[in-house]
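Listed below are the residues making up each chain.
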Amino acid sequence: MNKPKTKFTADGRQYVVIVVLTKRPEEGKKLVFTIHIQQALEEVQKKWDVRVVKIPGGVTDNAPSIVKAVRDTLVSKDKHIPCSGHELNVVAEAVIEEFIEPAGKMKPIVTYGKHSLNFAYELRDVQIASGRPVPLKLLQAFATRSNSYFEMIDRFLVLHKPVDAVLIKHPKAPPMITAQEVQQLKETTDSWAPLMKVTKALSQEKYVTASKTIPLISCLFKELEELKPETEIGERITAEKIKIEILRKDRFGDLENREISICSTILDPRYKRMHLRSASCTSDALTLINRLIRTEALLKNAEKDRETSSGGEEPQIGEDSL
């Protein structure tokens, strides 16, 4: 468990950020992972005197065990915020099988380039000779990070000409991919690039991005619709499959039903109701906002009345008392 970090909002309000790091249960113990997380969260509540009523929201990934633990312990369903960046990564992982096919012949080349020092030095020299001031290296993908597949393919496309020039000098190296396969890889990155841009826009640390989720997903759909693949693999990868994955109810299909997301979007002067599609959800959100504003106003008025009544009336001083 990390020490709480005290931060302040723009209007001077203080809030505390607590990061809980849990360990998986030891082998042989019949302890469900969800219960283990709940116990860790309850320990945080007791140790730092965190009252549930003071928690405005909780952000988690979409793992069922994490979601259940947080909802049962800290926040209700309407205050739970799924991590949008993680959700987009899950979408990318869902279409990785389609991406691996065009990358299948490219990955051995990248692996060879990472393991061969001679290849790496020659690749650097070719780039310098061609006028690139800062030589680039090939990037290896990792199965646990969906973004790394995009980064690997994107970097290979940038370096495919220097790589081709170096590979011809290495008889034991894997064969270079064809021009058609290069085109397939390009369409792969064209399909995946919008997802990565939205992920980076939502995955910020120094400012809140809750109000940007709905507008960015809306813009993502428009960008996907403009893609026009020219190969069979591009048609399988692009718009339709990605949009189907995004529209799943457990991802972004019910995005406008999430109170925090839709209310924050409406209250953000940059977006308001521009990107909202559901009239009923918009109406419900406006009703909720109005109710919250009225409640806040009543609480402030009640507090002022209490302060006035506790202070008492000031004595009136007349001319006769002078």
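Just so we're clear, the structure is a prediction, and the values are computed from it rather than from any experiment. (Residues numbered from 1 in each chain as written. Predicted model: local features only at pLDDT ≥ 70, side-chain atom pairs only at ≥ 80, totals over all residues. Heavy atoms only, no water.)

Draft legend 1. Main features of the layout of surface pockets. The computed volume of the second largest pocket comes to approximately 340 Å³. As for the second largest pocket, its lining consists of 13 residues, of which Arg71, Lys77, Pro82, Asp254 and Arg258 are closest to the centre. For the lining of the second largest pocket, the secondary-structure elements that each account for two or more residues are α2 (64-73), β4 (80-82) and α12 (249-253). Here the residues of the lining of the second largest pocket sort into two nonpolar, three polar and eight charged. (1 Å grid on protein atoms, 1.4 Å probe; cavity = no way out; pocket = protein on both sides within 12 Å on 5 of 7 lines; lining within 4 Å. Points joined across faces, edges and corners; volume = space filled by probe spheres on them. Helix = DSSP H or I, 4+ residues; strand = E, 2+ residues; numbered from the N terminus. Nonpolar A, V, L, I, M, F, W, Y, C, P; charged D, E, K, R; others polar.)

Draft legend 2. Here's a closer look at the nonpolar core. In this structure, Phe156, Val163, Leu195 and Ile246 are the most contacted members of the largest nonpolar core, which totals 50 residues. The dominant element in this core, judged by the number of residues it contributes, is helix α7 (residues 146-167), at 10 residues. Setting aside anything within four residues of it in sequence, one finds Val163 in contact with Ile109, Phe119, Leu123, Leu138, Phe156 and Met176. The next biggest cluster of nonpolar side chains, apart from the first, holds seven residues, and it includes Ile37, Val70, Leu74 and Val75. (Core = buried A, V, L, I, M, F, W, Y, C linked by side-chain atoms within 4.5 Å. Buried < 20%, exposed > 50% of the residue type's maximum accessible area, 1.4 Å probe, protein only. Contact = heavy atoms within 4.5 Å.)

Draft legend 3. Quick look at unusual backbone geometry. Here the phi dihedral of Lys272 falls at roughly 50°; this positive angle occurs in a residue that is not glycine. Note that Lys272 resides in the loop between α13 (259-267) and α14 (279-311).

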